[in-house]
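Here's the letter readout for the chains.
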Amino acid sequence: QVQLVESGGGLVQAGGSLRLSCIASVSIFSINTVAWYRQAPGKQRDMVAGITTGGSTNYADSVKGRFTIFRNNAKSTVYLQMNSLKPEDTAVYYCYALSRGTSYWGQGTQVTVSA
């Protein structure tokens, strides 16, 4: 129904920046909510940032002021701009979409932040 493909992960030093991209197979106007989650080894998957069709955003306390979620509607793409990265940001980052009451997940992209 909805396919999500993430990209942009990699290795970066503490204090650096990365921009993650999530391309959806349908218009993001057809999706109620798009969000970024992350999961470190042995830990639960937690929400990092989310954005609604109307443009309302929310962030986990741990990333407020450092991460920004935004979209390009024409490209059906949602981005996560990550600045001032910390080693504790290291995780696999997943794109998530809620559409018609159904959840969809991307395959994830690895972000590693070295001290």
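As a starting point, this report considers the structure included with it. Given the structure is predicted, the values throughout are model-derived calculations rather than measurements. (Residues numbered from 1 in each chain as written. Predicted model: local features only at pLDDT ≥ 70, side-chain atom pairs only at ≥ 80, totals over all residues. Heavy atoms only, no water.)

## Considerations on the overall build of the chain
Thinking step 1. A count of helical and extended segments in the chain gives zero helices and 11 strands.
Thinking step 2. Starting at the N terminus and ending at the C terminus, the chain contains elements arranged as β-β-β-β-β-β-β-β-β-β-β.
Thinking step 3. A compact globule built from 115 residues would reach a C-alpha radius of gyration of about 13 Å, and the chain, at 13 Å, matches this within 12%.
Thinking step 4. Its C-alpha atoms give the chain principal-axis dimensions of about 40 × 25 × 25 Å.
Thinking step 5. Pairs at least 24 apart in sequence give 53% of the contacts found in the chain among residues at least 6 apart.
Thinking step 6. Surface summary for the chain: the accessible area is close to 5,900 Å², and the carbon and sulfur share equals 48%. (Helix = DSSP H or I, 4+ residues; strand = E, 2+ residues; numbered from the N terminus. Rg over C-alpha atoms; globule rule 2.2 N^0.38 Å. Contact = heavy atoms within 4.5 Å. Areas by Shrake-Rupley, 256 points an atom, 1.4 Å probe, with all protein chains shown as cover.)

## Remarks on the pairing of strand β9 (residues 91-99)
Thinking step 1. Most of β9 sits out of view: seven of its nine residues are buried.
Thinking step 2. Sheet topology note: the strand β4 (residues 33-39)/β9 ladder contains seven bridges and is antiparallel. Following the sheet pairing, Gln39 is matched in β9 by Val92.
Thinking step 3. Here β9 pairs with strand β11 (residues 109-114) via three bridges, running antiparallel. Within β11, the residue paired with Tyr93 across the bridge is Thr109.
Thinking step 4. Linking two consecutive strands that pair antiparallel, namely β9 and strand β10 (residues 102-105), is a turn of two residues; a positive phi of about 50° is found at Arg100 within it. (Buried < 20%, exposed > 50% of the residue type's maximum accessible area, 1.4 Å probe, protein only. Pairing = 2+ DSSP bridges.)

## With respect to unusual backbone geometry
Thinking step 1. In the Ramachandran plot, Ser76 falls in the positive-phi region, its phi being about 50° despite a non-glycine side chain.
Thinking step 2. Secondary-structure assignment places Ser76 in the loop between β7 (67-72) and β8 (77-82).
Thinking step 3. A positive phi angle is found at Arg100, which is not glycine, with a value near 50°.
Thinking step 4. Counting through the fold element by element, Arg100 comes out in the loop between β9 and β10.
Thinking step 5. Residue classification places Arg100 among the exposed positions, given a relative accessible area of 70%.

## Looking at the pairing of β11
Thinking step 1. By the alternation rule, side chains of β11 split into Thr109, Val111 and Val113, which are all buried, and Gln110, Thr112 and Ser114, of which none is buried.
Thinking step 2. Note that strand β2 (residues 10-13) and β11 share four bridges and pair parallel. Counted as the bridge partner of Gln13 is Ser114 from β11.

## A short note on the nonpolar core
Thinking step 1. Grouped together as the largest cluster of nonpolar side chains are 29 residues, with contacts concentrated most on Leu4, Trp36, Val48, Phe67, Leu80, Met82 and Tyr93.
Thinking step 2. For this core, the secondary structure elements donating two or more residues are β3 (18-24), β4, β5 (46-52), β7, β8, β9 and β11.
Thinking step 3. Each residue touching Val48, except ones within four places of it in the same chain, is listed here: Trp36, Tyr37, Arg38, Asn58, Tyr59, Ala60, Val63, Phe67, Leu80 and Tyr93. (Core = buried A, V, L, I, M, F, W, Y, C linked by side-chain atoms within 4.5 Å.)

## Concerning the state of the cysteines
Thinking step 1. Counted according to the given criterion, the structure contains one disulfide.
Thinking step 2. A sulfur-sulfur separation of 1.9 Å characterises the disulfide bridge that pairs Cys22 with Cys95. Taking the torsion about the sulfur-sulfur bond, which here is approximately -80°, the covalent link between Cys22 and Cys95 counts as left-handed. Of the two residues, Cys22 is situated in strand β3 and Cys95 in strand β9; the sequence distance between them amounts to 73 residues. Across the pair, exposure class does not vary: Cys22 and Cys95 are buried alike. (Disulfide = S-S within 2.5 Å.)

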